[in-house]
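# A structural walkthrough
Read off the chains here:
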Amino acid sequence: MSVIPAVSREWHLVRRPQGWPVAEDFALREVPVTAPAPGRILVRNLHMSVDPYMRGRMNDVKSYVPPFKLDHPMDGGAVGEVVASAAEGFAVGDHVLHGLGWREYADVDAVHATKVDGSIAPLSAYLGVLGMPGLTAYAGLFETASFKEGDAVFVSGAAGAVGSLVGQFAKIKGASRVIGSAGSDEKTTLLTGKYGFDAAFNYKAAPVAEQLKEAAPDGIDVYFDNVGGDHLEAAIGALNVHGRATLCGAIAQYNDTEPAPGPRNLVAVIGKRLRLQGILVADHYGIQDRFVSDVAGWLRSGELHYDETVVEGVENATEAFLGLLRGDNTGKMIVSFTG
């Protein structure tokens with residue numbers, strides 16, 4: 001058994017954000033660390049994830065995941081090294097994926113820990129391309145949107161952890177055209193360069209509907225929505241008859257204090273016989289093995305590329321989260337713990 005530290009630092013939510021979160025909504029606190037009880041493991045976290053869905057959990061509202069409790073540690077995806085084990089099948093030195101991020105050391109029920117292999121991919125990849133964002137992209141495109149070869153695909157938030165993979169998955173599987181939107185010219189260059197999108201536009205440069213029409217003159221068959229708002233309205237206008245949209249996120253609205261207006265052209269859904277369907281990744285763990293097999297193969301072949309934006313230090317985790325909401329990241333936003 002490794003040496004167990006006396007204390008661990010962890011982030012607590014201390015106030016419900018009103019609109020955009022601010023530093024004062026969070027507190028970094030020290031808590032004592034003890035040896036794990038039977039059936040549990042103590043994990044030194046190496047990397048943790050910050051994700052857009054966490055903003056919704058900061059509100060005290062009923063949703064598909066419970067809200068964060070005030071004055072309790074927040075949680076989320078993390079990968080780390082087992083430093084003490086009281087659970088069969090887990091040994092000191094094993095690397096595991098689990099759901100107790102936002103802290104340096106995690107006391108984890110072994111039932112909720114999954115061993116990961118750092119020789120297949122960097123450990124941080126299990127929080128992104130081989131993790132929840134990757135499965136979200138894969139299931140959202142192939143299951144929810146029923147993608148088929150020859151479809152034209154539009155992805156909003158296309159330089160993010162999910163969107164960047166959706167576009168590449170579509171290209172690999174034979175999309176006729178892939179268009180992405182992002183929030184800077186640098187990101188659009190990345191989309192059409194490294195990620196192989198056919199077209200991309202900066203949604204801040206001109207109205208989304210105008211830019212999408214120019215990028216997809218023959219319309220689109222699939223829309224993968226990470227943004228909501230004007231992007232969803234533009235996509236409804238551009239979708240062809242029997243088009244499909246996967247509604248994954250609405251980051252443009254997460255910090256609004258008033259309800260956002262819905263798309264003004266919803267009546268088009270009727271005439272075009274469109275299908276707009278939401279996705280929760282938890283509904284798709286049954287295809288996990290197929291997802292990992294396909295994506296690992298595409299990584300090995302060099303067909304698939306991914307990026308990470310890494311922020312060092314647990315003390316900077318909330319700033320990384322706020323940066324994610326601002327769109328500072330390219331690809332997956334990761335917080336790595338040093339020392």
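Scroll up to find the structure.
We now turn to the structure provided with this report. (Residues numbered from 1 in each chain as written. Predicted model: local features only at pLDDT ≥ 70, side-chain atom pairs only at ≥ 80, totals over all residues. Heavy atoms only, no water.)

## Description of the packing of aromatic side chains
In total, this model carries 10 aromatic pairs according to the counting rule given. Each ring, one from Phe154 and one from Tyr223, has its centre 5.1 Å from the other, and the planes form 15°; the classification is stacked. One end of the pair, Phe154, is in strand E8 (residues 152-155); the other, Tyr223, is in strand E11 (residues 220-225), with 69 residues separating them in the sequence. By the burial criterion, Phe154 is buried, and Tyr223 matches it. Taken together through their ring pairs, the aromatic side chains of Tyr138, Phe142, Phe147, Phe169, Phe291 and Trp298 make up a single cluster. (Phe/Tyr/Trp six-rings, centres within 6.5 Å; stacked < 30°, edge-to-face > 60°. Helix = DSSP H or I, 4+ residues; strand = E, 2+ residues; numbered from the N terminus. Buried < 20%, exposed > 50% of the residue type's maximum accessible area, 1.4 Å probe, protein only.)

## Here's the deal with the packing of helix H2 (residues 132-144) against helix H8 (residues 288-301)
One can describe the packing of H2 onto H8 by two numbers: an axis separation of 10 Å at closest approach and a directional angle of 105°. On the basis of their axis angle, the class for H2 and H8 is roughly perpendicular. Contacts between H2 and H8 involve Gly134, Leu135, Tyr138, Phe142 and Glu143 from the first element and Gln288, Arg290, Phe291, Asp294, Val295 and Trp298 from the second. Taken together, the residues that form the contact of H2 with H8 break down as 6 nonpolar, 2 polar and 3 charged. (Axes fitted to C-alpha atoms, helices over the stretch in contact; angles between N-to-C directions. Parallel < 35°, antiparallel > 145°, perpendicular 65-115°, else oblique. Contact = heavy atoms within 4.5 Å. Nonpolar A, V, L, I, M, F, W, Y, C, P; charged D, E, K, R; others polar.)

## Remarks on the packing of helix H5 (residues 208-215) against helix H6 (residues 229-238)
The contact between H5 and H6 brings their axes to 9 Å, and the two run at 40°. Our classification of the angle between H5 and H6 gives oblique. In the crossing of H5 with H6, the sense of the turn from one axis to the other is right-handed. Contact residues: H5 offers Val208, Ala209 and Leu212, while H6 offers Asp230, His231, Ala234, Ala235 and Ala238. For the contact of H5 with H6, the per-class residue count stands at 6 nonpolar, 1 polar and 1 charged. (Left-handed = near helix turned anticlockwise from the far one by under 90°.)

## Concerning the sheet that holds E11
Strand order in this open sheet of 6 strands is E10-E9-E8-E11-E12-E13, and the pairing throughout is parallel. In the strand order of this sheet, the two ends are held by strand E10 (199-202) and strand E13 (275-278), each with one partner. When strand polarity is set aside, the average angle formed by the axes of neighbouring strands in this sheet is 15°. Running over the sheet, helix H3 (residues 163-172) touches E8, strand E9 (177-182) and E11 and is turned about 170° from E8. (Pairing = 2+ DSSP bridges.)

## Details of the pattern of salt bridges
A complete count under the given rule lists 17 salt bridges for this structure. We note a salt bridge from Asp51 to Lys332, for which the minimum N-O separation is 3.2 Å. Pair noted here: Asp51 is in the loop between strand E3 (40-49) and helix H1 (53-57) and Lys332 is in strand E15 (residues 332-336), with a separation of 281 residues, a long-range link. Across this residue pair, the class does not change: Asp51 and Lys332 are buried. Residues Asp151 and Arg244 are paired through a salt bridge, measuring 2.6 Å at the closest nitrogen-oxygen approach. One end of the pair, Asp151, is in the loop between H2 and E8; the other, Arg244, is in strand E12 (residues 239-247), with 93 residues separating them in the sequence. (Salt bridge = Lys/Arg side-chain N within 4 Å of Asp/Glu carboxyl O.)

Shape descriptors only; they carry no functional weight alone.
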